[in-house]
Amino acid sequence: MTLTVYNTLTRRQEPFETVELGKVKMYYCGVTVYDYCHLGHARACIVWDVVRRYLEFIGYRVRFVQNFTDIDDKILNRARQEHSSMEAVSERFIKAYFEDMARLKIKEADEYPRATHTMNGIQRLIQELENKGYAYPADGDVYYAVRQFPEYGKLSGRKLEDLQAGASERVNVDDPEYQKKKDPFDFALWKAAKPEEPAWESPWGEGRPGWHIECSAMVRDCLGETIDIHTGGDDLIFPHHENEIAQSEVVTGKPLARYWIHNGMVKVNGQKMSKSLGNFITIRELLDRGTDPMAVRLFVLQAQYRTPVDFTDEAIASATNAWHTLQEGLLFGYQLGNTSFDHQSPVNNSYVERFKEAINDDFNFPGGLEILFELAKKLRREKNILLHEGKTQTDPTELLKDWQTLVILAGVLGFEAEQETEEPDHGGSLSDAEIEAQIKKRLEAKKIKNFAEADRIRNQLHELGITLIDSRDGTRWHRN
Ligand SMILES: Nc1ncnc2c1ncn2[C@@H]1O[C@H](COP(=O)(O)OP(=O)(O)OP(=O)(O)O)[C@@H](O)[C@H]1O
Ligand SMILES: [Zn+2]
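Since this is a predicted model, take the numbers as computed values, not measurements.

### Quick word on the packing of aromatic side chains
Counting across every chain of the model gives 21 aromatic pairs. Ring geometry for tyrosine 136 against tyrosine 143: centres 6.0 Å apart, planes inclined by 35 degrees, an arrangement best described as tilted. The class of tyrosine 136 is buried, set by a relative accessible area of 8%. Grouping aromatic residues by their ring pairs yields a cluster made of Trp48, Tyr54, Phe57, Tyr305, Phe355, Phe363 and Phe365. In this structure, lysine 182 packs its charged tip against the face of tyrosine 136, placed 4.3 Å from the ring centre.

### Re the pairing of strand S4 (residues 61-66)
Both strand S3 (residues 23-28) and S4 contribute to a ladder of 6 bridges, which runs parallel. When the sheet's bridge partners are listed, valine 24 is paired in S4 with valine 62. Read as a crossover between parallel neighbours, the route from S3 over helix H1 (residues 39-57) to S4 is right-handed.

### Some thoughts on the coordination of the zinc ion (ligand 2)
For the zinc ion (ligand 2), every protein donor is listed as Cys29 (SG), Cys215 (SG), His240 (NE2) and Glu244 (OE), and the spread of their distances is 2.1 to 2.8 Å. Considering all 4 donor atoms around the zinc ion (ligand 2), angles at the metal cover 74 to 127 degrees and the coordination shape is irregular.

### Points about the site of ligand 1
Taken together, 23 residues form the shell around ligand 1, and within it Lys74, Asp235, Lys272, Ser274 and Ser276 come nearest. Take threonine 32: an N or O atom from its main chain is 2.8 Å from an oxygen atom of ligand 1. Here an oxygen atom of ligand 1 sits 2.4 Å away from a polar atom, N or O, in the side chain of serine 274. When contributions to the shell around ligand 1 are tallied by element, the ones reaching two or more residues are H1 and strand S9 (227-233). In the shell around ligand 1, the residues fall into 8 nonpolar, 11 polar and 4 charged.

### A closer look at the pairing of S9
In terms of residue burial, S9 counts as a mostly covered element, since 7 of its 7 residues are buried. Pairing of S3 with S9, which is carried by 3 bridges, proceeds in the parallel orientation. Within the sheet, the bridge partner assigned to methionine 26 lies in S9 and is isoleucine 229. As defined by bridge partners, S9 adjoins strand S10 (residues 257-263) across 6 bridges and the pair is classed as parallel.

### Observations concerning the side chain of serine 202
Checked against the element boundaries, serine 202 lands in the loop between strand S7 (187-192) and strand S8 (207-209). At 3.4 Å, the side chain of serine 202 and the side chain of tryptophan 190 are in polar contact. At 3.0 Å, the side chain of serine 202 forms a polar contact with the backbone nitrogen of tryptophan 204. Not counting residues within four places of it along the chain, the set of residues in contact with serine 202 comprises Gln123 and Trp190.

The rules we used
Along each chain, the written sequence defines residue order, and numbers are assigned to residues from 1. As a convention, the first chain written is A and the first ligand written is 1, with the rest following in written order. The predicted nature of this model means local features are confined to residues of pLDDT at least 70 and side-chain atom pairs, given and counted, to a pLDDT of 80 or more, with totals for whole chains, interfaces and linings taken over all residues. Calculation of side-chain values draws on the structure's entire complement of heavy atoms; hydrogens and water are dropped beforehand. Side-chain rings of Phe, Tyr and Trp, where Trp is taken by its six-membered ring, are said to pair if the distance between their centres is within 6.5 Å; with planes under 30 degrees apart they count as stacked, over 60 as edge-to-face, and otherwise as tilted. Between buried and exposed lies partly exposed: a residue is buried under 20% and exposed over 50% of the maximum accessible area for its type, with that area taken using a 1.4 Å probe on protein chains only. For a ring to carry a charge above it, either NZ of a lysine or CZ of an arginine must fall within 6 Å of the ring centroid while also lying within 35 degrees of the normal to the ring plane. At least two DSSP bridges between two strands are needed for those strands to be called paired. Under the DSSP-based scheme used, a helix requires at least four consecutive residues in state H or I and a strand at least two consecutive residues in state E, with every element numbered from the N terminus. A crossover gets the label right-handed when its path from the first strand over the helix to the second runs clockwise, viewed with the strands pointing away from the viewer. The rule for donors is simple: N, O or S, within 2.8 Å of the metal, or within 3.2 Å if the metal is Na, K or Ca. Water isn't counted, so a site may look like it is missing partners. Labels for metal geometry use angle windows, namely 85 to 135 degrees for all angles of a four-donor tetrahedral site, and for square planar (four donors) or octahedral (six donors) sites opposite donors over 155 degrees apart plus all others within 65 to 115; sites meeting none of these are irregular. It suffices for a single heavy atom of a residue to lie within 4 Å of a molecule or strand for the residue to be listed as near it. Polar contacts, as counted here, are pairs of nitrogen or oxygen atoms within 3.5 Å of one another; within protein the pair requires one atom able to donate a hydrogen and one able to accept it, and residues that are adjacent in sequence qualify only if both atoms are side-chain atoms. As a working rule, the residues Ala, Val, Leu, Ile, Met, Phe, Trp, Tyr, Cys and Pro are called nonpolar, Asp, Glu, Lys and Arg charged, and the rest polar, with Gly in that last group. Note on contacts: a residue pair qualifies if any of its non-hydrogen atoms lie within 4.5 Å across the two residues.

Just geometry here; none of it tells us what the structure is for.
Right under this line is the structure:
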């Protein structure tokens, strides 16, 4: 089966065909840099990191561009609060962004355009929109006339009429922007300079760009007129991506992107985790309290990328347990005596095929993870037998191949285990009686098919340096 992806634009899962054979141009709407990144951003970044890695794995050459929005009211507000400048705030949080992403092992993009570095492209686009009759100046601002674009709403499936009806009560007629607009849904392409705010020269006077036009200009400057994949969180479908389409497509006469793919939100008690709402946990907070970056990756990839996920401490704890299982599998080869990993090593193709088959179905990463866990659990079982009986049950050459397969496929999803972390700290070990009691609890959990709890107990014991060996006559154990 070849890759098929769900396209927000057509609301269908479609075969993936690129504009240029073998090449993918991909743009991700990145962060507005006025604060530290939170777990919601981590989800978006991990999902697109893995989509990119997977496309490379199946043979595409991917050009991945991700922007920074470094002009925005929120950045200006923060600068005011801190008595500093917009540049100082954005530089600080861009630096923090790179630190966080390095800790999460996110591959760097090929290019990171910034709004403030794209001023020519932005102004050129606005000028072209004006020349074609899609934009009009109003008192130093410039607005996009949504009524001019009959396809407006095609991405989000919203109709202007419905929006109008819904919004009529909420419109603030005293708002100066409202008074300048010909239609309440027209949006700003350029905003006249306000006193003491950063501003750029333009044919419409001093000012700064609106948010949506930045991305249209950055896509065009960095990747061209039609790209293959445009991504971002599903909170951006309307109005941001709708407006990007409206701006770009009337100027170029071409589709802006073949596939619009959106990640679901990380939520907290059912509400979007968001900087503006203040209900977030930053990536650095989460990692500084000892969460393994690979557990964060697992937390993200265990969910289908389009569905919302709830952040809870329990969910992170359970992802941490699962990571320990995977980690054990990834370290298996070193226990067999290998000192390094050779990426050219032979692999077990049947697993590779199953892995691809799962993920080719609209980037079904949870399906891909199942294959990894199958391999990791097999290797763990063999490791226990090896420790206990001095040799493995399966031919070591076959096992080595399984291990190599696991390392390579896990790498496609960005998972890496470091050899140094191989032996967890065995500090507070348990007495024999305590171990027996835990084993009993685990058996009871298994009886009622609560395998998650059974695995949790096994992993917890493993952390304390105790290995369990399951056999037909019960569970034996030894200290490592
Ligand atoms: N809770 C979340 N879950 C998943 N993705 C998110 C979440 N919040 C933001 N994103 C995605 O991260 C990228 C950067 O978002 P942005 O900088 O606008 O953050 P934000 O937290 O939504 O900001 P704000 O709270 O000010 O709206 C976007 O692609 C956005 O869709
Ligand atoms: Zn964007």
